[in-house]
Amino acid sequence: MQEIEFKRTDKISCYFVGNSHDFSDTLLTLARTKFENIDFFRLASVEELLELSICRPDRVRSIILNQSMAVGLKTVLPMLLERFSNATVALSYRQAKPIRNILNDMRATRPLLNLAFLPMNRDVDCWLTLLQLLICGENYVPSELYESAEGQTPQPIEPCEKHTTSLHTAVQDSLSLRDPVIKVSKNDLTGREMQVLTCVAEGKQNKIIASRLGLSEHTVKLHIHHVISKLGVNNRTEAAVWFLEQSKMEMRPG
């Protein structure tokens, strides 16, 4: 039974909270195929997740809530973060406009609550990249959510103390990051390559990166190819994780 699997699994896990329309079987199969060493489950409600008997709650690394669960989020989010202290909680969405109101509301909340966001209207490669960032503990907030109705960009969310640590060794192993990656520094990349990599880490598609940097899509693809080669990683997903890890290391006090 799946319930026993929930209780006994000792692998890193990720929970999608919503129905089969919100998170389809195809989506779960895609995630399981991409990340073979991570368990992915779908539950109908937050209450069901909180009541679930899990022997290793510290192994739960990501909880993805459907957009409809934004109502009452201020109440359930602290409960989830307390029960699953190593997890990144993210709100999935397909339309950015209503989510901006939620984000602004969260910014006014004290104490600040840790909440990431997962856009569901991205292409497959981009979506998997963003999912991987969440599993790595990154509280990802897409830039489109900072755009106000007037086209201005409000002040970014004040960073919280939680989830500022580096990747846990088990997560690093699960994502198959190779040791040579850690030995490369940002200085080994050109300025343009760093600009492109920054956009990749933000989950932007090649077309958007090209428009933002004033390049052709072909040139963007070449820069990404060079970055992947220099870092010694397998794909743009691992390059994005490398970038975020480097950024975290630079932010640590000496």
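(A) The overall build of the protein chain, seen in detail. Looking only at helices and strands, the protein chain has 12 helices and 5 strands in total. When burial is assessed residue by residue, the protein chain has 49% of its 254 residues classed as buried. Long-range pairs, those at least 24 residues apart, make up 77% of the contacts in the protein chain between residues at least 6 apart in sequence. For the protein chain, the accessible surface area stands at approximately 13100 Å², while carbon and sulfur atoms represent 50% of it.

(B) Looking closely at the pairing of strand β5 (residues 116-119). Side-chain alternation along β5 places Ala116 and Leu118 on one buried face and Phe117 and Pro119 on a second face that is also buried. Strand direction decides the pairing type here: strand β4 (residues 88-93) and β5, joined by 4 bridges, are parallel. By the bridge assignment for β5, Tyr93 is matched with Pro119.

(C) Representation of the nonpolar core within the structure. Core analysis: the biggest nonpolar cluster contains 47 residues, and Phe16, Phe40, Ile64, Trp127, Leu131, Leu197 and Leu231 have the highest contact counts within it. A total of 8 residues in this core trace back to one element, the largest contributor, which is helix α6 (residues 124-135). Each residue touching Ile64, except ones within four places of it in the same chain, is listed here: Cys14, Tyr15, Phe16, Val17, Phe23, Ala90, Ser92, Leu118 and Leu134. Leu52, Tyr93, Phe117 and Val141 belong to the second largest nonpolar core, which has 32 residues in total.

(D) Spatial organisation of the sheet that holds β4. Spatial ordering of the open sheet is given by β2-β1-β3-β4-β5, a layout of 5 strands whose pairing is parallel. Two strands close off the open sheet at either side, each with one partner strand: β2 (38-43) and β5. Taking the axes of each pair of neighbouring strands and ignoring which way they run, one obtains an average angle of 25 degrees across the sheet. Bridge count between strand β1 (residues 12-17) and β2: 6 bridges; the pairing is parallel. Directly across from Phe16, in β2, lies its bridge partner Arg42. Across the sheet, helix α2 (residues 25-34) is in contact with β1 and β2; its angle to β2 comes to roughly 165 degrees. Its contacts with the sheet place α6 against β1, β2, β3 (60-65), β4 and β5, and it is angled at close to 160 degrees to β5.

(E) Fine view of the pairing of β2. Counting buried residues in β2 gives 5 out of 6 residues, a clear majority hidden from the surface. Handedness of the crossover is the feature at issue here: the chain leaves β1, passes through α2, returns alongside β2, and the resulting connection is right-handed.

(F) Quick look at the packing of aromatic side chains. Under the criterion given, the structure shown has 5 aromatic pairs. Following the ring pairs from residue to residue traces out a cluster consisting of Phe16, Phe23, Phe35, Phe40 and Trp127.

(G) Focus on the confidence of the model for the protein chain. On average, residues of the protein chain carry a pLDDT of 77, and 74% of them reach 70 or more. Taken as a whole, residues 1-7 scores under 50 in pLDDT and shows 10 contacts with residues more than four places along the chain or in a different chain. In this model, residues 148-183 is a region of pLDDT below 50 whose contacts with residues beyond four sequence positions or in other chains number 61 contacts.

(H) Structural context of the environment of His223. Mapping His223 onto the fold places it in helix α11 (residues 217-231). A sequence separation of 33 residues divides His223 from Thr190, and the C-alpha atoms of the two residues are 9.5 Å apart. Beyond its immediate chain neighbours, meaning those up to four positions away, His223 contacts Arg192, Glu193, Val196 and Leu215.

(I) Representation of the packing of α2 against α6 in the model. Where α2 meets α6, the axes come as close as 11 Å, and the angle between the chain directions of the two elements is 70 degrees. In terms of axis orientation, α2 runs roughly perpendicular to α6. In the packing of α2 onto α6, the handedness of the crossing is right-handed. Residue-level contacts link Leu27, Leu30, Ala31 and Lys34 of α2 to Val124, Trp127, Leu128 and Leu131 of α6. Residue composition of the contact of α2 with α6, by class: 7 nonpolar, no polar and 1 charged.

Analysis parameters
- Residues numbered from 1 in each chain as written.
- Predicted model: local features only at pLDDT ≥ 70, side-chain atom pairs only at ≥ 80, totals over all residues.
- Heavy atoms only, no water.
- Helix = DSSP H or I, 4+ residues; strand = E, 2+ residues; numbered from the N terminus.
- Buried < 20%, exposed > 50% of the residue type's maximum accessible area, 1.4 Å probe, protein only.
- Contact = heavy atoms within 4.5 Å.
- Areas by Shrake-Rupley, 256 points an atom, 1.4 Å probe, with all protein chains shown as cover.
- Pairing = 2+ DSSP bridges.
- Core = buried A, V, L, I, M, F, W, Y, C linked by side-chain atoms within 4.5 Å.
- Axes fitted to C-alpha atoms, helices over the stretch in contact; angles between N-to-C directions.
- Right-handed = clockwise from strand over helix to strand, strands pointing away.
- Phe/Tyr/Trp six-rings, centres within 6.5 Å; stacked < 30°, edge-to-face > 60°.
- pLDDT = per-residue confidence, 0-100.
- Parallel < 35°, antiparallel > 145°, perpendicular 65-115°, else oblique.
- Left-handed = near helix turned anticlockwise from the far one by under 90°.
- Nonpolar A, V, L, I, M, F, W, Y, C, P; charged D, E, K, R; others polar.

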